[in-house]
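Coordinate analysis (summary)
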Amino acid sequence: MLITFEGIDFCGKSTQVKLLERYLIDKHINVYVFREPGGTKIGELIRGILFDRENLGMRNQTEFFLFSASRAQLIREKVKPYLKQGYYVLSDRLHDSSTAYQGYGRGLDLNAINTVNNLALGNIIPDLTFIINITVEEMNKRKSQKLHRELDRIELNDNDFYQRVRDGYLQIADKYQDRIKIIDGTKSIDMIHREIMKIIEEYRSSDFL
Ligand code: ADP
């Protein structure tokens, strides 16, 4: 089972991935966790290029292809083999991020993005996707309160960009209602975790088992 977490920066994805990983391990379920971009040797090298503040001259198309290249490698090298072995695979971001950031955010053609996303994913599609929804104001609040490092190249984008990404995520959720669940990211960490567990348990007892 492949479960992805999506949303604008600081929405709480990695916090929830960690909690879910712990929950599944406690249930003696095999679980493998990835982050995107990255997750493979090649992918981590690409990640370095993408987030390096020296690379401010990177074109939108270049950015999109680098994310897609990292994803194509991750899917084939890690995701498929782990799924085949029956693992629960959790990913902090996947192709919906490209649609939201490079499509709605940067303005690249959504059909072209769809085509390349499909190429990168092969026949893999997440079983469940959680979009953790917070406002751009909440993102900025968390950024200023909680960040103890320099902003990376993508985090340097302005509020209008993030607003488009956030709105884009809601449109993606609307299009793929069966797969995608929107979670209110302003609830407490524990409440969100319980909501996510409930949805997964419902999914397991209906479709999966
Ligand atoms: P992401 O992986 O989406 O960038 P993180 O999980 O790293 O987000 O969370 C970003 C920051 O927001 C962290 O400091 C985290 O502790 C905090 N945070 C996460 N979830 C919540 C929440 N539900 N309410 C308030 N703060 C949160």
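Conventions we followed
Residues numbered from 1 in each chain as written. Predicted model: local features only at pLDDT ≥ 70, side-chain atom pairs only at ≥ 80, totals over all residues. Heavy atoms only, no water. 1 Å grid on protein atoms, 1.4 Å probe; cavity = no way out; pocket = protein on both sides within 12 Å on 5 of 7 lines; lining within 4 Å. Points joined across faces, edges and corners; volume = space filled by probe spheres on them. Helix = DSSP H or I, 4+ residues; strand = E, 2+ residues; numbered from the N terminus. Buried < 20%, exposed > 50% of the residue type's maximum accessible area, 1.4 Å probe, protein only. Pairing = 2+ DSSP bridges. Near = heavy atom within 4 Å. Polar contact = N/O pair within 3.5 Å; in protein donor to acceptor, adjacent residues only side chain to side chain. Areas by Shrake-Rupley, 256 points an atom, 1.4 Å probe, with all protein chains shown as cover. Nonpolar A, V, L, I, M, F, W, Y, C, P; charged D, E, K, R; others polar.

1. Observations regarding empty space enclosed by the protein
According to the stated counting rule, one finds 1 cavity of 30 Å³ or more in the structure shown. Taken as a whole, the largest cavity spans an internal volume of roughly 40 Å³. Put simply, the parts of the chain that give the lining of the largest cavity at least two residues each are β4 (128-133) and α7 (159-175).

2. Topic: the pairing of strand β3 (residues 88-92)
Counting buried residues in β3 gives 5 out of 5 residues, a clear majority hidden from the surface. Burial along β3 is two-sided: Tyr88, Leu90 and Asp92 facing one way and Val89 and Ser91 facing the other are all buried. Two elements, strand β1 (residues 2-6) and β3, share 4 bridges in a ladder whose sense is parallel. Bridged to Leu2 within β3 is Val89. Inspection of the sheet shows strand β2 (residues 31-35) paired to β3 by 5 bridges, in the parallel sense. Bridge pairing in β3 links Tyr32 to Val89.

3. Points about unusual backbone geometry
Omega for the peptide link from Glu36 to Pro37 comes to -10 degrees, which places this bond in the cis form. With respect to the helices and strands, Pro37 occurs in the loop between β2 and α2 (41-51). Residues other than glycine seldom take positive phi values, yet Phe10 does so here, at roughly 70 degrees. Looking at the secondary structure, you find Phe10 in the loop between β1 and α1 (13-26). Note on Phe10: relative accessible area 22%, which makes it partly exposed. Unlike most non-glycine residues, His28 shows phi in positive territory, near 60 degrees. Within the element layout of this structure, His28 appears in the loop between α1 and β2. Take His28: its relative accessible area is 73%, and that puts it in the exposed class.

4. Digging into the site of the ligand
With respect to spatial proximity, 13 residues lie near the ligand, and among them Lys13, Ser14, Thr15, Lys146 and Lys187 are the closest. Phe10 places a polar main-chain atom, nitrogen or oxygen, 3.0 Å from an oxygen atom of the ligand. Between Lys187 and the ligand, the recorded distance is 2.8 Å, taken from a backbone N or O atom to a nitrogen atom. In the complex, the protein chains occlude 76% of the 560 Å² of accessible area that the ligand would expose alone. For the shell around the ligand, the secondary structure elements donating two or more residues are α1, α6 (136-146) and α8 (189-208). A total of 3 residues in the shell around the ligand trace back to one element, the largest contributor, which is α1. Within the shell around the ligand, the residues separate by chemical class into 4 nonpolar, 5 polar and 4 charged.

Purely geometric numbers; function is a separate question.
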